[in-house]
Amino acid sequence: MYTAIGYAAQSPTSPLAPMQFQRRSPRADDVALDILYCGVCHSDIHQARNEWGIAVYPLMPGHEIIGRVTAVGADVSAYQVGDLVGVGCMVDSCRQCRACQSDLEQYCEEGPTMTYATPDRVDGSNTMGGYSSSIVVSEHFVVRIPEGLDPASAAPILCAGITTYSPLKHHGVGPGHKVGVLGMGGLGHMGIKLAKALGAEVTLFTRSQAKAEEARRQGADHVIVSTDAEQMRAAAGRFDFLLDTIPVPHDLNPYLETLTFDGVHILVGLIEPVEPPVHAANLVMKRRVLAGSLIGGIAETQEVLDFCAEHNITCDIEMLDIRNINEAYERMIAGDVKYRFVIDMATLQK
């Protein structure tokens, strides 16, 4: 065991504040790393404030981690001291079930061990995330950061990037397809970039005409203002896929009507009840599919990092002093960030 420092919430109503805690010494299959950067995801806020009802305190968020390897266990073969690596949303799984054996650890039938606020599968301790100086993780759940990929901008690829890449790949998005991206926050702007790089024609659906120029800068071919009834009618039956990154309940029915037959509406931002209800005719009459998707497995996370390096794709970020994390949360809630905060962990030492 060794002492680490980080920022944690002690209750749903307390601000994040500095805390010392114990990290384990590396097990035989573990990689230890000093954390350089950590992205700030909206789910960090949900968890810190127990908005999903599953938080465990003290709660130290952070699952978009970039760091430098400082030690490896005796059985580690893929990494060595000095390597630049990443840790995403998971740090373990059962590794035996059908999902894990299919490189889909995010769907582990026993439930994956998340990077924070989950019991460690070996000793039962509460996992602590990346708002900290260091972390120790099983080799299997570590990914390599490709050369040429800016490490700070790469951090959100470990959540926002893989969350949008995985369903696009799973559903075979490619040249000739028309993809609509709903919303342009941290997930949405990555969805635009990735769908475009996969060869699709990409349209942003937004409530604000003011985002049109920014959407095109991100790579969108077209913009549809979803509050404009005429534009929505003109889009009827036009799209093969919709990547829905909107994180709050919203009416899916007008968007479903923009899909062609066999079109697929993929939810990646919403994990609450759908409200208002989906009208079944919007699915049945055109054999449309309403689907969902959750991050990606470790192999696919490495794949998206390599894909982003090949296509020069990074997340648009604003660097953050960790001492300002509570203010950053309020700005995120207000939509005042383009498009992801990334903590410079050197500020933890100040």
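Here the structure is a predicted model, which is why all the values come from computation and not from measurement.

On to the sheet that holds strand β11 (residues 201–206). Sheets are built from strands paired through backbone hydrogen bonds, the pairs being either parallel or antiparallel. A sheet is described by the order of its strands in space; here 6 strands give the open sequence β12-β11-β10-β13-β14-β15, paired in parallel fashion. Two strands lie at the open edges of the sheet, namely β12 (222–225) and β15 (289–292), each paired on one side alone. Taken over all neighbouring pairs, the strand axes of this sheet differ in orientation by 20 degrees on average, direction set aside. Pairing of strand β10 (residues 178–182) with strand β13 (residues 239–244) involves 4 bridges; the strand directions are parallel. Directly across from V179, in β13, lies its bridge partner F241.

Further remarks concern the nonpolar core. Among soluble globular proteins, nonpolar side chains are generally buried collectively. Of all hydrophobic cores here, the largest spans 93 residues; its most connected members are V40, Y131, L194, I325 and Y329. In this structure, this core is formed jointly by two domains, domain 1 (2–159 + 316–347) and domain 2 (161–292), each of which donates at least three residues. In this structure, Y329 is in contact with L16, V40, D44, I45, A48, R49, P61 and Y131, ignoring residues within four places of it in sequence. Ranked by size, the runner-up nonpolar core spans 13 residues in total, among them M232, L252, Y255 and L256.

Turning next to the UniProt feature "domain: Enoyl reductase (ER)" (unreviewed entry) in the chain. According to UniProt, the "domain: Enoyl reductase (ER)" (unreviewed entry) feature falls on residues 11–343. Measuring from the first to the last C-alpha atom of residues 11–343 gives 22 Å, for a span that is 25% helix and 26% strand.

Taken as a whole and judged by the stated rule, the model has 19 salt bridges. Residue R323 is joined to D321 by a salt bridge in which the shortest nitrogen-to-oxygen separation is 2.6 Å. Exposure remark for R323: the relative accessible area of 42% places this residue in the partly exposed category. Because the salt bridges share partners, they merge into one network encompassing R24, R27, D30, D120 and D123.

Attention shifts here to the domain arrangement of the chain. Along its sequence, the chain is organised into domain 1 (2–159 + 316–347) and domain 2 (161–292). Counting residues at the interface gives 8 residues for domain 1 and 13 residues for domain 2. Interface of domain 1 and domain 2: buried area, both sides summed, is about 900 Å²; carbon and sulfur atoms make up 47% of it. Its largest share of buried area at the contact with domain 2, domain 1 owes to C159, D316 and Y339, together 59% of the area lost on that side.

This next bit is on helix α5 (residues 186–197). Taking 1.5 Å of rise per residue, the 12 residues of α5 would be expected to cover 16 Å, and the 17 Å separating its terminal C-alpha atoms lies within 8% of that figure. Judged by how many residues are buried, α5 sits mostly within the fold: 10 of 12 residues are covered. Of all the residues in α5, the buried ones are G186, L187, G188, H189, M190, G191, I192, K193, L194 and A195. Just beyond α5, the residue with positive phi is G199, at close to 105 degrees.

A separate point is unusual backbone geometry. Omega for the bond connecting Y57 with P58 falls within 30 degrees of zero, at 0 degrees, which places this linkage in the cis form. In this chain, K338 is followed by Y339 through a cis amide linkage whose omega measures -5 degrees. Position of Y339 relative to the elements: it lies in the loop between α11 (325–333) and β17 (340–344). Although it is not a glycine, N50 adopts a positive phi angle of roughly 55 degrees.

Another aspect to go through is the pairing of strand β16 (residues 317–321). Strand direction decides the pairing type here: β16 and β17, joined by 5 bridges, are parallel. The residue bridging D321 from the neighbouring strand is D344, located in β17. Note that the unit made of β16, α11 and β17 has a crossover that is right-handed.

Closest axis-to-axis distance for the helix α4 (residues 160–170)/helix α10 (residues 298–311) pair is 10 Å, and the angle between their directions is 100 degrees. The angle between α4 and α10 falls in the class roughly perpendicular. Together, G161, I162, Y165, S166 and K169 of α4 and E300, T301, E303, V304 and F307 of α10 make up the contact between the two elements. Among the residues forming the contact of α4 with α10, the class breakdown is 4 nonpolar, 3 polar and 3 charged.

Moving on: the packing of aromatic side chains. As enumerated under the stated definition, the model contains 3 aromatic pairs in all. On the numbers, 5.7 Å between centres and 80 degrees between planes, the contact of F205 with Y255 is edge-to-face. Residue F205 is found in strand β11, and its partner Y255 is found in helix α8 (residues 253–256); the two are separated by 50 residues along the sequence. For Y255, a relative accessible area of 9% gives the class buried. Joined through ring pairs, the aromatic side chains of F205, F239 and Y255 make up one cluster.

Parameters at a glance
- Residues numbered from 1 in each chain as written.
- Predicted model: local features only at pLDDT ≥ 70, side-chain atom pairs only at ≥ 80, totals over all residues.
- Heavy atoms only, no water.
- Pairing = 2+ DSSP bridges.
- Helix = DSSP H or I, 4+ residues; strand = E, 2+ residues; numbered from the N terminus.
- Axes fitted to C-alpha atoms, helices over the stretch in contact; angles between N-to-C directions.
- Core = buried A, V, L, I, M, F, W, Y, C linked by side-chain atoms within 4.5 Å.
- Buried < 20%, exposed > 50% of the residue type's maximum accessible area, 1.4 Å probe, protein only.
- Domains from an automatic or database assignment.
- Contact = heavy atoms within 4.5 Å.
- UniProt positions renumbered as here; feature names shortened; annotations may be inferred.
- Salt bridge = Lys/Arg side-chain N within 4 Å of Asp/Glu carboxyl O.
- Buried area = accessible area lost by both parts, 1.4 Å probe.
- Expected span 1.5 Å × (residues − 1).
- Right-handed = clockwise from strand over helix to strand, strands pointing away.
- Parallel < 35°, antiparallel > 145°, perpendicular 65-115°, else oblique.
- Nonpolar A, V, L, I, M, F, W, Y, C, P; charged D, E, K, R; others polar.
- Phe/Tyr/Trp six-rings, centres within 6.5 Å; stacked < 30°, edge-to-face > 60°.

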